[in-house]
Amino acid sequence: MAVRIDDQNLIFYLETEHTSYIMQVVKGKYLCHLYWGKKLTKIYPERLLSFHGLCCSANPDETDKTYTLDLLPQEYPTQGAADYRRAALETEYADGSILTELFYESYRVIKGKPLLKELPATYAEEGDDVWTLEITCADRRTGLEVKLSYSVFSQMDVLTRSVCIINRSSARVVLNKAYSASVDFNSDSFDMLTLNGAWGRERYPERVKLRRGNQTIGSVRGASSHQENPFIALLREDTTEKTGDAYGFSFVYSGNFIAGVEVDQSAASRAYMGIHEDLFQWNLEPGSCFQTPETVMVYTDRGLGELSRIYHRIYRRRLCRGKYRDAGRPVLVNNWEGTYFDFNQKKILAIADKAAELGIEMLVLDDGWFGKRDDDTSSLGDWYADQRKLPDGITGLAKAVHLRGLKFGLWFEPEMISKDSNLYRQHPDWCIHVPGREPMECRNQMVLDLSRGEVCSYVIDAVSQILDSAGIDYVKWDMNRHITEYYSAGRGSSGQSELCHRYMLGLYHVMDEIISGHPDVLFESCSSGGGRFDPGMLYYMPQIWTSDDTDAAERVYIQYGTSYAYPFCTMGAHVSTVPNHQVHRVTPWKTRGDVAMTGAFGYELDLTGLTAMETNVVKKQVQRYKRLRMWLPAADLYRLENPFCGNYGAWMFVSESGNQCLVNCIRMMERANMPEKRIFLQGLKEGCSYRCVETGNCYSAEELMYAGLRVSEDGENPDMRGDFVSFTWSFEKMMKRKIRRTNE
Ligand code: GLA
């Protein structure tokens, strides 16, 4: 069993196939962290626990002068006692006091994994070897009870944590902070990896050595954001893609978050993750509980590559849900970069005709189909078709697209409202704003107050009505501005600090209702590109528009960075026109196709303008993707060349069966007289042989992995000159070794 308990010594062992996470109750009170790392079969707790030291902080045990909370590795540290490091829980009681002392009380073990109330989370399915340990700690003086939940996915090497805080007293308790996880390490010799960025440049990895004090990332924008992603990894200095210790923390939440590490006086590190304490305060009424979101924690001693593969597997299989979780995604064409707001039914159907000819399977109508929206200054909230552009409405258009043998998808931005909209004229108080002040606009829009039930109901009804009436097959769910001027006209003065989290709960409720009511619809999340690319959204929507930057070279960086935490099959990736609209770069068709094809594939250009040669190229790309999607989405990813560190970006995929693999390598800049480049494949089975589909050449796994594959050996790409050239190889495992030795 994945959860083992030594009742006598109150030691808790959480064990996956390759890892152990061990806790112990110390001095009969404090739940402490003993170890997290490679699996230990036998331990001596007294040697694992490191908390003794001489420091001048308060001492809870008069008989043991070297014993101090300031060094104790607590599982859920609170503020106000003698632990001066970052607390996971901060409280305020009716008498003004803030101290909470959490002492261990009891535990229970549950087969499987209970759902998290109102929040997205990983889940267990029938037959999974998943167990949950719930440990109750409490402060009986104040009546605050805390249930720490640990779920162990033993075959996946994954551990999840979340916390439920219950007010058992008869007075309100204010939570000023309630993190989801806090983990103490007895060392500071780590690098911290984060994924940072900006609009059009999301999730660039940054790896920095830990220093003394707190180092954090986070968002207070009301969305997980382009700027920081709710993911951090701690890596030993010598950890590489293929080897070494890697610890990952990933937050299943789409709103404000904080993640970081504090290095203390004894060179120990405390990692933490949770809802950002800025802009957060929660009134915990008597008898009620506060559920934190979930943190997904992964340890491996096999490097960053394996850390990513573990996240990819659990997110693909036990976070994403619904019909499309395991299904190949349709090849789509989206009209946004092709027409922007300037379209009508005729134009869209001309694109549909061409798409059908090319083998594309779905047409997605983006922004501009509703209200009177000819630009971004109006109509958000008015979710009914603009008859000027679409005389037959969405129903008629969907029908016409279906008649052409294509699926039909539609863009919504359900969380937003334009000042120039009927919805705003009817309900000016439905947007988040401070009464008496002019609400600030961003992209000419404001955010709907989803902390209010009536606003949620409106959104659910408005979106569902279109989905029901028109046979929509796909929804692109966009969100194009961050929250400012936090205030809800629907709440009194004391509940205002709850708005950020209540907004998220409202959003999750809205998505749950719409998605569960439309199980056949494929949903794609979007937020000005990849501004909300997080596990919380993946629970509802199995793919996310990765970035508004569709330039193939930029996408190498963005998709490479995104892959540290998220699987390629969740990344919306489209071929767009050149010069590219975001960076004005010209890249070859092949590069654009190859880079997009590793994700949820599509086109985002005016297909009606394709030349005969381009038509042929696109047809071939579509056919190739259709073959690849039979196995690629479930394949294991190996990152081979880091584009942030050199002139090449390369990755490869190995199918679940191990019989197929795809290698992509993009050379950024052409240079004269370039030295020969080899890339070293990974994940192949030693002793096996592989045939390159494009060239027919045979290789041993060892040659490909240890001698390397010459980039110039590409069979598909005779013209290898120029910048941003893409090289691709598909390999099939051969049944028997067919390589002829020279002396045979
Ligand atoms: C956002 C999205 C784009 C597009 C536009 C439409 O920027 O990221 O893909 O849908 O909105 O306004």
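Note that the structure is predicted; figures quoted are calculated from it, not measured.

## With respect to the domain arrangement of the protein chain
Under the domain assignment, the protein chain is made up of domain 1 (83–152 + 161–318), domain 2 (332–634) and domain 3 (637–733). Distance between the C-alpha centres of domain 1 and domain 2: 30 Å. Contacts between the two partners involve 47 residues from domain 1, matched on the other side by 45 residues from domain 2. Overall, the association of domain 1 and domain 2 removes approximately 3800 Å² of surface from exposure, summing both partners, and the carbon and sulfur fraction of that is 57%.

## Observations concerning the pairing of strand S7 (residues 130–139)
Of all ten residues making up S7, ten are buried, and the element is well covered by its neighbours. The alternating pattern of S7 places Val-130, Thr-132, Glu-134, Thr-136 and Ala-138 and Trp-131, Leu-133, Ile-135, Cys-137 and Asp-139 on opposite faces, both of which are buried. Pairing geometry for strand S6 (residues 103–111) and S7, over eight bridges, is antiparallel. Following the sheet pairing, Ile-110 is matched in S7 by Thr-132. Where S7 lies against strand S8 (residues 144–153), ten bridges are found, and the strand directions are antiparallel. The partner of Ile-135 across the bridge, within S8, is Leu-148. Joining the antiparallel neighbours S7 and S8 is a turn of four residues, in which Gly-143 adopts a positive phi near 80 degrees.

## Quick word on the sheet that holds strand S33 (residues 660–667)
Pairing in this open sheet of six strands is antiparallel, and the strands run S31-S32-S33-S38-S35-S36 from one edge to the other. Pairing within the sheet leaves two strands with one partner each, and these edge strands are strand S31 (636–641) and strand S36 (698–700). In this sheet, adjacent strand axes meet at a mean angle of 25 degrees when their direction is disregarded. When strand S32 (residues 648–654) meets S33, the two strands line up antiparallel, connected through seven bridges. Its bridge partner being in S33, Trp-651 is matched across the sheet by Asn-664.

## Topic: helix H5 (residues 393–403)
Each turn of an α-helix holds 3.6 residues, which means side chains three or four residues apart point in the same direction. Along H5, the residues that are buried comprise Gly-393, Ile-394, Leu-397, Ala-398, Ala-400 and Val-401. On the buried face of H5, the contacting elements are helix H4 (345–358), strand S22 (362–365), strand S23 (407–412) and helix H7 (453–470). Gly-405 lies just past H5 and shows a positive phi near 85 degrees.

## Describing the packing of H4 against H5
Here H4 crosses H5 at 20 degrees, and the two axes come no closer than 10 Å. It follows from the interaxial angle that H4 and H5 lie roughly parallel. Our pair here, H4 against H5, has a crossing hand that is right-handed. Contact residues: H4 offers Gln-345, Ile-348 and Leu-349, while H5 offers Leu-397, Ala-400 and Val-401.

## As for the packing of aromatic side chains
Enumeration over the complete set of coordinates arrives at 46 aromatic pairs. Plain terms: the ring middles of Phe-601 and Tyr-625 are 4.9 Å apart, the flat faces sit at 40 degrees to each other, and that makes the pair tilted. Placement of Phe-601 in strand S30 (residues 600–604) and of Tyr-625 in helix H12 (residues 612–628) is noted, with a sequence separation of 24 residues between them. Here Phe-601 and Tyr-625 have matching classes, each one buried.

## Describing the site of the ligand
In the vicinity of the ligand lie 13 residues, with Asp-366, Asp-367, Arg-443, Lys-476 and Asp-548 positioned nearest. Between Arg-443 and the ligand, the recorded distance is 2.8 Å, taken from a side-chain N or O atom to an oxygen atom. Contact between the ligand and Gly-529: an oxygen atom at 2.9 Å from a main-chain N or O atom of the residue. Here the ligand has 310 Å² of accessible area as a free molecule, and 96% of this is covered by the chains. A per-class count over the shell around the ligand returns four nonpolar, three polar and six charged.

## Side note on the nonpolar core
Nonpolar side chains in soluble globular proteins tend to end up buried together. By size, the foremost hydrophobic cluster in this structure holds 193 residues, and its most contacted members are Ile-165, Phe-249, Trp-369, Ile-394 and Tyr-603. What Tyr-603 contacts, discounting residues up to four positions off in sequence, is Val-331, Leu-332, Val-333, Asn-334, Ile-360, His-574, Val-575, Trp-589, Val-618, Gln-621 and Val-622.

## Regarding the sheet that holds strand S29 (residues 571–576)
Reading around the circumference, S21-S22-S23-S26-S27-S28-S29-S30 is the order of the eight strands in this closed barrel, with parallel pairing throughout. The mean angle between the axes of side-by-side strands here comes to 30 degrees, regardless of whether they run parallel or antiparallel. Where strand S21 (residues 332–334) lies against S22, three bridges are found, and the strand directions are parallel. Bridge pairing in S22 places Asn-334 opposite Val-364. Contacts from helix H11 (residues 589–597) reach S29 and S30 within the one sheet, and its direction differs from that of S29 by about 165 degrees.

## A closer look at the packing of H7 against helix H8 (residues 499–517)
The contact between H7 and H8 brings their axes to 10 Å, and the two run at 25 degrees. In terms of orientation, H7 and H8 fall into the roughly parallel class. In the packing of H7 onto H8, the handedness of the crossing is right-handed. Two secondary-structure elements touch here, H7 through Cys-456, Val-459, Ile-460, Val-463, Ser-464 and Leu-467 and H8 through Gly-506, His-509, Val-510, Glu-513 and Ile-514. Split by residue class, the contact of H7 with H8 holds seven nonpolar, three polar and one charged.

## Some remarks on the pattern of salt bridges
Counted according to the given criterion, the structure contains 64 salt bridges. Among the ionic pairs, Arg-318 bridges to Asp-128, the shortest N-O distance being 2.7 Å. Here Arg-318, found in helix H2 (residues 303–318), pairs with Asp-128, found in the loop between S6 and S7; they are 190 residues apart in sequence, far enough to count as distant. On the basis of relative accessible area, Arg-318 is assigned to the buried category, the value being 12%. Note that Glu-145 is salt-bridged to Lys-147, the shortest N-O span being 3.4 Å. Since its relative accessible area comes to 5%, Glu-145 is described here as buried. Several salt bridges converge on common partners, so that one network encompasses Lys-38, Asp-301, Arg-302, Glu-306, Arg-309, Arg-313 and Asp-636.

## Points about unusual backbone geometry
Between Val-578 and the following residue, Pro-579, the backbone shows a cis peptide bond with an omega angle of -10 degrees. Within the fold, Pro-579 resides in the loop between S29 and H11. Its identity as a non-glycine residue notwithstanding, Ala-267 has a phi of 60 degrees, on the positive side. Among the structural elements, Ala-267 can be located in the loop between strand S16 (257–263) and strand S17 (269–274). With relative accessibility at 30%, the residue Ala-267 sits in the partly exposed group.

## Let's talk about the environment of Val-595
Within the secondary structure, Val-595 sits in helix H11. Owing to a relative accessible area of 2%, Val-595 belongs among the buried residues under this scheme. Sequence separation between Val-595 and Ser-726 is 131 residues; the distance between their C-alpha atoms is 8.2 Å. If sequence neighbours within four positions are ignored, Val-595 has contacts with Ala-552, Arg-555, Val-556, Gln-559 and Ile-666.

Conventions adopted
- Residues numbered from 1 in each chain as written.
- Predicted model: local features only at pLDDT ≥ 70, side-chain atom pairs only at ≥ 80, totals over all residues.
- Heavy atoms only, no water.
- Domains from an automatic or database assignment.
- Contact = heavy atoms within 4.5 Å.
- Buried area = accessible area lost by both parts, 1.4 Å probe.
- Buried < 20%, exposed > 50% of the residue type's maximum accessible area, 1.4 Å probe, protein only.
- Helix = DSSP H or I, 4+ residues; strand = E, 2+ residues; numbered from the N terminus.
- Pairing = 2+ DSSP bridges.
- Axes fitted to C-alpha atoms, helices over the stretch in contact; angles between N-to-C directions.
- Parallel < 35°, antiparallel > 145°, perpendicular 65-115°, else oblique.
- Left-handed = near helix turned anticlockwise from the far one by under 90°.
- Phe/Tyr/Trp six-rings, centres within 6.5 Å; stacked < 30°, edge-to-face > 60°.
- Near = heavy atom within 4 Å.
- Polar contact = N/O pair within 3.5 Å; in protein donor to acceptor, adjacent residues only side chain to side chain.
- Areas by Shrake-Rupley, 256 points an atom, 1.4 Å probe, with all protein chains shown as cover.
- Nonpolar A, V, L, I, M, F, W, Y, C, P; charged D, E, K, R; others polar.
- Core = buried A, V, L, I, M, F, W, Y, C linked by side-chain atoms within 4.5 Å.
- Salt bridge = Lys/Arg side-chain N within 4 Å of Asp/Glu carboxyl O.

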